[in-house]
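Chain by chain, the residues:
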Amino acid sequence: MCNLFNKPSVYFIMGTQNASGKDPLKVLEEALKGGITHFQLREKGTGALRGQNLVEFAEKCQELCTQYQIPFLINDDVDLALAVGADGIHIGQEDMDCGQVRALIGKEKMLGVSVHSLEEARIAIDAGADYLGMGPVYGTRSKADAKRPAGTVGIEEVIGQFPHIPVFGIGGITPQNAPAVWQAGASGVAVISALSGADDIALQIAHFKNSYKGVLI
Ligand code: TZP
Ligand code: MG
């Protein structure tokens, strides 16, 4: 597989609840056209799609991602990821054990794991994680049970210890505060609201990518 984690990656996460009153598939297509590098379907909370409705929505997301050749990942739900043939799955610490997930999805699919410490990072890497998510870096309104903002120190630490694993910063990241995340060595930013709520999603993606430029010098 080619390097799926080139810097600066802009990883868009969305469920129907994050579409800010817009058609979620239109939001996704705008983001794909604008140059996101990864997409994760994260369907959560009251009013979340379930059952067949969720499967059909996931299939539509997947079709769009395939059209734009962008990896399509699913949050938490291994059965759904396998049912729709997603490119990968992202799990948190409170979800299924990462070794078990790796065994279920096989070697080809991408496995992302949210971690909050060096120890969690080591366990996830040993169990076969392809990338890590770390956060919340800043305050977020998009995750009901989010921990306290942790800044970028943890990202720097994990990359210092495990330089070969791609790490994504997540939580409250905007083009304005992204430089600290790049500076910490992250491969990418994982973003919900700063993209789903943007008036011009493509322009916002360009701002995210430009926010990396100062770090190259
Ligand atoms: N995990 C940690 S923070 C977060 C998740 C899923 C939410 C990120 O959303 P936003 O709107 O980019 O802060
Ligand atoms: Mg989870």
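Since the structure is predicted, the reported quantities are computational estimates derived from the model, not experimental observations.

Where do I start with the nonpolar core in this structure?
Nonpolar side chains in soluble globular proteins tend to end up buried together. I36, F39, F72 and L132 are the most contacted members of the largest nonpolar core, which has 61 residues in total. Tallying contributions element by element places helix α2 (residues 51-67) first for this core, with seven residues. If we skip the residues at most four places from it in the chain, F39 touches Y11, F12, I13, M14, L28, C61, C65, I70, P71, F72 and L73. Counting nine residues, the second-largest nonpolar core is a separate cluster that includes L73, M110, Y131 and I192.

Sorry if this is basic, but what is going on with helix α6 (residues 153-161) here?
Listed as buried for α6 are G154, I155, V158 and I159. Buried residues of α6, viewed axially, fall in a sector of 130°; they line one side. Along α6, the residues that are exposed and aim more than 90 degrees away from the buried face are V153, G160 and Q161. Buried positions along α6 lie against α5 (118-126), β6 (131-134), β7 (167-170) and α7 (178-183).

How do you make sense of the sheet that holds strand β8 (residues 188-191) when you look at a structure like this?
The strands making up a sheet are joined through hydrogen bonds of the backbone, oriented either antiparallel or parallel. Around the barrel, eight strands lie side by side as β1-β2-β3-β4-β5-β6-β7-β8; this closed barrel has parallel pairing. Each neighbouring strand pair of the sheet contributes to a mean axis angle of 25°, computed without reference to strand direction. Bridge count for β7 against β8 is three bridges, and the pairing is parallel. Within the sheet, the bridge partner assigned to F168 lies in β8 and is G188.

Just to check I follow, could you spell out the site of ligand 1 for this structure?
Around ligand 1 sit R42, T140, S142, K143, I170, G171, G172, V191, I192 and S193, and those are all the residues in its vicinity. Contacts to ligand 1 include T140, whose side-chain N or O atom sits 2.6 Å from an oxygen atom. I192 has a polar backbone atom sitting 2.9 Å from an oxygen atom of ligand 1. Within the complex, 93% of the 380 Å² of free accessible area of ligand 1 lies under protein. For ligand 1, the cavity whose grid points lie within 2 Å of the majority of its atoms is the largest pocket. When grouped by side-chain class, the residues that make up the shell around ligand 1 number three nonpolar, five polar and two charged.

Can you help me understand the UniProt feature "binding site: Mg(2+)" (unreviewed entry) in the protein in this one?
Mapped onto this numbering, the UniProt entry gives "binding site: Mg(2+)" (unreviewed entry) at D76 and D95. For the annotated residues, spread through 20 residues, the largest C-alpha to C-alpha distance comes to 6.6 Å, consistent with a single compact locus. Lining of the largest pocket among the annotated residues: D76 and D95. Here D76 shows up in the loop between β3 (72-75) and α3 (78-84). Note on D76: relative accessible area 26%, which makes it partly exposed. When near neighbours in sequence (up to four residues on either side) are disregarded, D76 contacts K44, I89, H90, I91, G92 and D95. As for its placement among the helices and strands, D95 is situated in the loop between β4 (88-91) and α4 (98-105). Polar contacts involving the side chain of D95 include one to the main-chain amide nitrogen of G92, which spans 2.6 Å.

I keep staring at the pattern of salt bridges and nothing clicks. Help me out?
Side chains that differ in sign of charge can pair as their charged atoms come close. Inspection of the entire model under this criterion finds six salt bridges. Residue E119 pairs with R122 through a salt bridge whose shortest N-O separation is 2.6 Å. Residue E119 and its partner R122 are located together in helix α5, separated by three residues, close to a single helical turn. Judged by its relative accessible area of 42%, E119 is partly exposed. Salt-bridge contacts for D145 lead to K143; the nearest nitrogen and oxygen are separated by 3.2 Å. Among the ionic contacts, a cluster of salt bridges with common partners joins E119, R122 and D126.

Parameters and conventions
- Residues numbered from 1 in each chain as written.
- Chains lettered and ligands numbered in written order.
- Predicted model: local features only at pLDDT ≥ 70, side-chain atom pairs only at ≥ 80, totals over all residues.
- Heavy atoms only, no water.
- Core = buried A, V, L, I, M, F, W, Y, C linked by side-chain atoms within 4.5 Å.
- Buried < 20%, exposed > 50% of the residue type's maximum accessible area, 1.4 Å probe, protein only.
- Helix = DSSP H or I, 4+ residues; strand = E, 2+ residues; numbered from the N terminus.
- Contact = heavy atoms within 4.5 Å.
- Arc of directions from axis to C-beta.
- Pairing = 2+ DSSP bridges.
- Axes fitted to C-alpha atoms, helices over the stretch in contact; angles between N-to-C directions.
- Near = heavy atom within 4 Å.
- Polar contact = N/O pair within 3.5 Å; in protein donor to acceptor, adjacent residues only side chain to side chain.
- Areas by Shrake-Rupley, 256 points an atom, 1.4 Å probe, with all protein chains shown as cover.
- 1 Å grid on protein atoms, 1.4 Å probe; cavity = no way out; pocket = protein on both sides within 12 Å on 5 of 7 lines; lining within 4 Å.
- Sits in = over half its atoms within 2 Å of the grid points.
- Nonpolar A, V, L, I, M, F, W, Y, C, P; charged D, E, K, R; others polar.
- UniProt positions renumbered as here; feature names shortened; annotations may be inferred.
- Salt bridge = Lys/Arg side-chain N within 4 Å of Asp/Glu carboxyl O.

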